[in-house]
Amino acid sequence: MSGFVGLGRAEVTLPEELTSVEDHLAGILDSLSTAEAIDQRLADALGLVLAENVHCRVTVPDFANAAMDGYAVIAADLERATEARPVHLAVSGEVLAGTGELPTVHRGRAVRIMTGAPLPPGADAVVPVETTSGGRAQVAFHRAPRPGDNVRQPGEDLVPGQLLMTLGRRVGPADVALLAASGTVRVRCIPPPRVVVMSTGDELVRPDREPGPGRIRDANGPMLSALVLQAGGVPFTTGIVPDDRKALMHAFDTNLGHADLFVCTGGASAGTRDLLPDVIAALGEVHPTKVAMKPGMPQIRGRIGQTPVIGLPGNPVSAFVSFEVFVRPAIRKLQGRRDVHRPVVRAVTTEKLRSPAHKRSYLRVRLARETGGWRATPTGGQGSHLISSIAQADGLAVVPETVTEVPAGGQVAVQLLVDP
Ligand code: AMP
Ligand code: MG
């Protein structure tokens, strides 16, 4: 075999030229500061991180009410009720949920009551309709209830002063219910970060255009906007920017005003048209890096004014993996989240995995749950231009820098592409 066979970019880079994934990520995260909190309407707070402790101001439930459809009774009236010798009471009224004016329940009487309706004065228990004869004027009871049966007591759920949720918590759907039930319609939250996505490359055309000879559709722009949105950011796009110094300068200049973070793809490596490092350097500061990972070796971090800039390689798979490794954690930090990483599971690989020496590989795998744990199977070709193989993946199998081969049946860590 010739000495040149298989010598790609990966192999001509010396190990000591490489920056570790951790160092590059730390450089990015250190450059980010959390945005100032804003008062957010309840309906818009889902997924945001609270910037305050929220205390309850009300009592929930506010009044004793029926937990079942049935009859409001005085338990003492039914002490002797049995299956064989039912006790009969006259029905003296009806209370619906939402009723404000309540009939008093007197000794020897029952009032028909619906779930959620206030317990009328006098009554101390609710008997479910299913356990009675169900009459309108008269009703027979076959069991003796205890006082308090099927009554929801005031404050059983929430009381004034109670801590509802703590600073740093991400608002989930149940939290929205809690806030709504307690009348808290605004909460202080960290707003979603605005992320400007820029696709660079002379070869790119919009996805709705026919590419001319030698040109391709921009896949990264729509993909990164989708990833930003999924990560809880607000994506903006510059559209496609050609490999031209002036055009790149202009795109930065006109979009920095609405960017908490700038994410670019393409033009990050060693091609003659890879202008991004120079352009960012001219506007601010830049650290182009070779990161010890595959795919995704050429990476950029920088800053223009106060806005952090991340430059990802142009191959769609590299851009996708780099987003998971660097940009998603950055967005999560900007959101005020402490869990900046997605969950990792241990899995057994069904096929042999290969990884270059000195680099951490992120291999697209599909996961299946089997007795004994997760099984990971590569989704096919791992070339960094193969978009079809990302779409199949449930996770990225991580093969460490020190490992060049994981045999079939071996253990791997898999970074999930979904959140549980
Ligand atoms: P670059 O990082 O500019 O050297 O590009 C590396 C490879 O990714 C080349 O094959 C580009 O054509 C391709 N590429 C760059 N940007 C995009 C994009 N936005 N969508 C799809 N492919 C891209
Ligand atoms: Mg390019």
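Residues numbered from 1 in each chain as written. Chains lettered and ligands numbered in written order. Predicted model: local features only at pLDDT ≥ 70, side-chain atom pairs only at ≥ 80, totals over all residues. Heavy atoms only, no water.

**Overview of the pairing of strand β24 (residues 373-378)**
Defined as follows: The pairing criterion is simple: DSSP has to find at least two bridges between the two strands. Helix numbering and strand numbering both begin at the N terminus, where a helix is a DSSP run of H or I of at least 4 residues and a strand a DSSP run of E of at least 2.
Across three bridges, strand β21 (residues 344-349) lies against β24 in parallel orientation. Looking at the pairing, T349 lines up with A376 of β24. Two elements, strand β23 (residues 360-370) and β24, share six bridges in a ladder whose sense is antiparallel. Paired with R369 across the strands is W374, a residue of β24. The antiparallel hairpin formed by β23 and β24 contains two residues in its connecting segment, where G372 sits at a positive phi of about 100°.

**Considering the nonpolar core**
Operational definition: Put simply, buried Ala, Val, Leu, Ile, Met, Phe, Trp, Tyr and Cys residues joined by side-chain atoms within 4.5 Å make one nonpolar core. Only protein chains enter the accessibility calculation, which uses a 1.4 Å probe; a residue is then buried when its area is under 20% of its type maximum, exposed when over 50%, and partly exposed in between. Delimitation of the domains relies on an automatic or database domain assignment. Any pair of residues with heavy atoms lying within 4.5 Å of one another is described as a contacting pair.
Counting residues in each nonpolar core, the largest one holds 35 residues, and the members touching the most others are L261, M293, F323, F326, V327, I331 and Y362. If you list the elements that add at least two residues to this core, you get α2 (21-30), β12 (194-200), α4 (220-230), β16 (261-265), β20 (307-312), α7 (316-334) and β25 (395-399). Element by element, the count of residues in this core is highest for α7, at 11 residues. Summarising the domain contributions, this core has at least three residues from each of domain 1 (15-35 + 192-334) and domain 4 (344-416). Sequence-distant contacts of F326, that is, excluding residues within four places in its chain, are made with V21, H24, L25, I28, V291, M293 and Q299. Counting 19 residues, the second largest nonpolar core, distinct from the first, contains L248, C264, I300 and I304.

**Overview of the domain arrangement of the protein**
Along its sequence, the protein is carved into domain 1 (15-35 + 192-334), domain 2 (43-60 + 158-190), domain 3 (65-152) and domain 4 (344-416). With centres defined by C-alpha atoms, the gap from domain 1 to domain 2 works out at 35 Å.

**Thoughts on the pattern of salt bridges**
We apply this condition: When a carboxyl oxygen of Asp or Glu is within 4 Å of a side-chain nitrogen of Lys or Arg, the pair counts as a salt bridge.
Applying the stated criterion across every chain yields a total of 18 salt bridges. A salt bridge links R188 to D39, with the shortest nitrogen-to-oxygen separation between them at 3.3 Å. Of the two residues, R188 sits in strand β11 (residues 186-189) while D39 sits in strand β1 (residues 38-41), which places them 149 residues apart along the sequence. Measuring nitrogen to oxygen at the nearest pair gives 3.3 Å for the salt bridge that ties R342 to E324. You can see R342 sitting in the loop between α7 and β21 and its partner E324 sitting in helix α7, a full 18 residues away along the chain. Per residue, the accessibility class of R342 equals that of E324, and both read buried. In this structure, a network of salt bridges that share partners links the residues E22, R360 and E401.

**Some thoughts on the site of ligand 1**
Here is the rule: It suffices for a single heavy atom of a residue to lie within 4 Å of a molecule or strand for the residue to be listed as near it. The term polar contact refers here to a pair of N or O atoms within 3.5 Å; inside protein, the definition further demands a hydrogen-donor-capable atom paired with an acceptor-capable atom, and it admits residues adjacent in sequence only when both atoms are side-chain atoms. Note on areas: Shrake-Rupley, 1.4 Å probe, and residue coverage restricted to the protein chains presented here.
Not every one of the 15 residues close to ligand 1 is listed here, only the nearest: E203, D218, A219, G267 and G314. In this structure, an oxygen atom belonging to ligand 1 sits 2.6 Å away from a side-chain N or O atom of E203. G314 places a main-chain nitrogen or oxygen 2.9 Å from an oxygen atom of ligand 1. Look at ligand 1: alone it shows 480 Å² of surface, and the protein chains cover 76% of it.

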